[in-house]
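Report on the structure
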Amino acid sequence: QVQLAESGGGLVQAGGSLRLSCAASGRTFGTYGMGWFRQVPGKEREFVAAISWSGTSTRYADSVKGRFTISREYAKNTVYLQMNSLKPEDTAVYYCALAPYISVSARDYDTWGQGTQVTVSS
């Protein structure tokens, strides 16, 4: 089975940038899509971005479009989320996840990381 490990979260001022990383380990066969979701207390998990196995297809939530970029580094089995122009409303726990194919629905993802906290201050 695949294990996912997020890193790169932290505290940043509004307008700043962070890059989240998600390293996948434990599987070498097959293709899959990877995505980023975020969640705040009392709210449902929200889709942020997704990328196909090839990296040629991406999806973004309207709230982050133009500010966030998802990418893959195949040699490291890692997906990244570059977050620019961060806003206080971006504050959340960010999770990476794996699906059989690219999807914007959390129901299609069957493997999840532990999450990493992103806090954006005014």
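Note that the structure is predicted; figures quoted are calculated from it, not measured. (Residues numbered from 1 in each chain as written. Predicted model: local features only at pLDDT ≥ 70, side-chain atom pairs only at ≥ 80, totals over all residues. Heavy atoms only, no water.)

For the structure shown, the criterion picks out four salt bridges. Measuring nitrogen to oxygen at the nearest pair gives 2.9 Å for the salt bridge that ties aspartate 90 to arginine 38. Of the two residues, aspartate 90 is situated in the loop between strand E8 (78–83) and strand E9 (92–99) and arginine 38 in strand E4 (residues 33–39); the sequence distance between them amounts to 52 residues. A salt bridge links aspartate 90 to arginine 67; its shortest N-O distance comes to 2.8 Å. One end of the pair, aspartate 90, is in the loop between E8 and E9; the other, arginine 67, is in the loop between strand E6 (58–60) and strand E7 (68–73), with 23 residues separating them in the sequence. Accessibility assignment for this pair places aspartate 90 and arginine 67 in one class, buried. Ionic contacts of the salt-bridge type, sharing partners, join the residues Arg38, Glu46, Arg67 and Asp90 into one network. (Salt bridge = Lys/Arg side-chain N within 4 Å of Asp/Glu carboxyl O. Helix = DSSP H or I, 4+ residues; strand = E, 2+ residues; numbered from the N terminus. Buried < 20%, exposed > 50% of the residue type's maximum accessible area, 1.4 Å probe, protein only.)

Turning next to unusual backbone geometry. A positive phi angle, near 50°, is found at asparagine 77, a position not held by glycine. Looking at where asparagine 77 falls in the secondary structure, it is placed in the loop between E7 and E8. We classify asparagine 77 as partly exposed; its relative accessible area is 34%. Positive phi outside glycine occurs at serine 85, with the angle close to 50°. Residue position: serine 85 is located in the loop between E8 and E9.

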